[in-house]
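# Observations on the model geometry
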Amino acid sequence: MPHIDEDKRREWLRALRRFKYGIKVRAKLGVLQTICEQVAAQRKGKQRWDAPQWDHDRWVTLLYTCIKDNQFPPELLEGFVKTAEVTFLNPRKQPTVEGTVEVVNEICREESKPLRQKFGVFL
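Now for a description of the structure that goes with this document. (Residues numbered from 1 in each chain as written. Predicted model: local features only at pLDDT ≥ 70, side-chain atom pairs only at ≥ 80, totals over all residues. Heavy atoms only, no water.)

If you tally the helices and strands in the protein, you get 6 helices and 0 strands. Scanning the protein from its N terminus toward the C terminus, one meets helices and strands in the order α-α-α-α-α-α. Taking the principal axes of the C-alpha coordinates as reference, the protein spans close to 50 × 30 × 20 Å. Across the 123 residues that make up the protein, the buried fraction comes to 39%. The contacts in the protein between residues at least 6 apart in sequence include a share of 77% that link residues at least 24 apart. With an accessible surface of roughly 7,900 Å², the protein has 50% of that area assigned to carbon and sulfur atoms. Distance between charge centres in the protein, computed from 23 positive and 17 negative side chains, equals 2 Å. (Helix = DSSP H or I, 4+ residues; strand = E, 2+ residues; numbered from the N terminus. Buried < 20%, exposed > 50% of the residue type's maximum accessible area, 1.4 Å probe, protein only. Contact = heavy atoms within 4.5 Å. Areas by Shrake-Rupley, 256 points an atom, 1.4 Å probe, with all protein chains shown as cover. Lys, Arg positive; Asp, Glu negative; His and termini not counted. Charge placed at Lys NZ, Arg CZ, Asp CG, Glu CD.)

Let's shift gears to unusual backbone geometry. Here Asn70, not a glycine, exhibits a phi torsion of approximately 55°, which is positive. Within the fold, Asn70 resides in the loop between helix H3 (57-69) and helix H4 (74-84). Judged by relative accessible area, which is 30%, Asn70 ranks as partly exposed.

In this section: helix H6 (residues 112-119). Where H6 is concerned, the buried positions are Ser112, Leu115 and Phe119. The arc that holds the buried residues of H6, viewed along the axis, is 70°, so those residues lie on one side. Those residues of H6 that are buried lie in contact with helix H1 (6-29), H3 and helix H5 (97-110). The first or second residue beyond H6 is Gly120, which carries a positive phi of 80°. (Arc of directions from axis to C-beta.)

Each pair of packed helices can be summarised by the angle the axes make with each other and by the distance between the axes. Running from amino to carboxyl end, H3 crosses H4 at an angle of 120°, the nearest separation of the two axes being 11 Å. It follows from the interaxial angle that H3 and H4 lie oblique. The crossing of H3 and H4 is left-handed. Note on element contacts: H4 touches H3 through Glu75, Leu76 and Phe80, opposite Arg58, Trp59, Leu62, Leu63 and Cys66. (Axes fitted to C-alpha atoms, helices over the stretch in contact; angles between N-to-C directions. Parallel < 35°, antiparallel > 145°, perpendicular 65-115°, else oblique. Left-handed = near helix turned anticlockwise from the far one by under 90°.)

Right, let's get into the packing of H3 against H6. Between H3 and H6, the shortest axis-to-axis distance is 10 Å and the interhelical angle comes to 60°. By the angle between their axes, H3 is oblique relative to H6. In terms of crossing hand, the pair formed by H3 and H6 is right-handed. The segment H3 lies against H6, with Asp57, Val60, Thr61, Leu63, Tyr64, Ile67 and Lys68 engaging Pro114, Leu115, Lys118 and Phe119. Among the residues forming the contact of H3 with H6, the class breakdown is 7 nonpolar, 1 polar and 3 charged. (Nonpolar A, V, L, I, M, F, W, Y, C, P; charged D, E, K, R; others polar.)

A few words on the environment of Lys24. Tracing the chain through its elements places Lys24 in helix H1. Lys24 sits 74 residues away from Glu98 along the chain, and the two C-alpha atoms are 9.5 Å apart.

Residue position: Glu6 is located in helix H1. Between the C-alpha atom of Glu6 and that of Val121, which follows or precedes it by 115 residues, the distance is 7.2 Å.

See below:
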């Protein structure tokens, strides 16, 4: 079992909490709704939709940097929206703000270990 640096762990949890709060603020301000509408327009009439592969180092690094610095670049927000409704079974389903906020929590949970390693939580 890896040893844990408690100070780094607290820093990670504080940054993650602040980041998730920032996502919810952007949802309330309508930023995510605008991106949802843009993604829906891009997908209209297409059979294949693109979405980020969150386990790739590029996306983990972007997510780590954004959580650490409490930043929300359009590329990241669009990636969350594109991930929120990736389904081919129901092509009429459009990305939603609620689904996007939920997928942010899922991604942070799924990528928790690599993110904590980047934060230096494990010794």
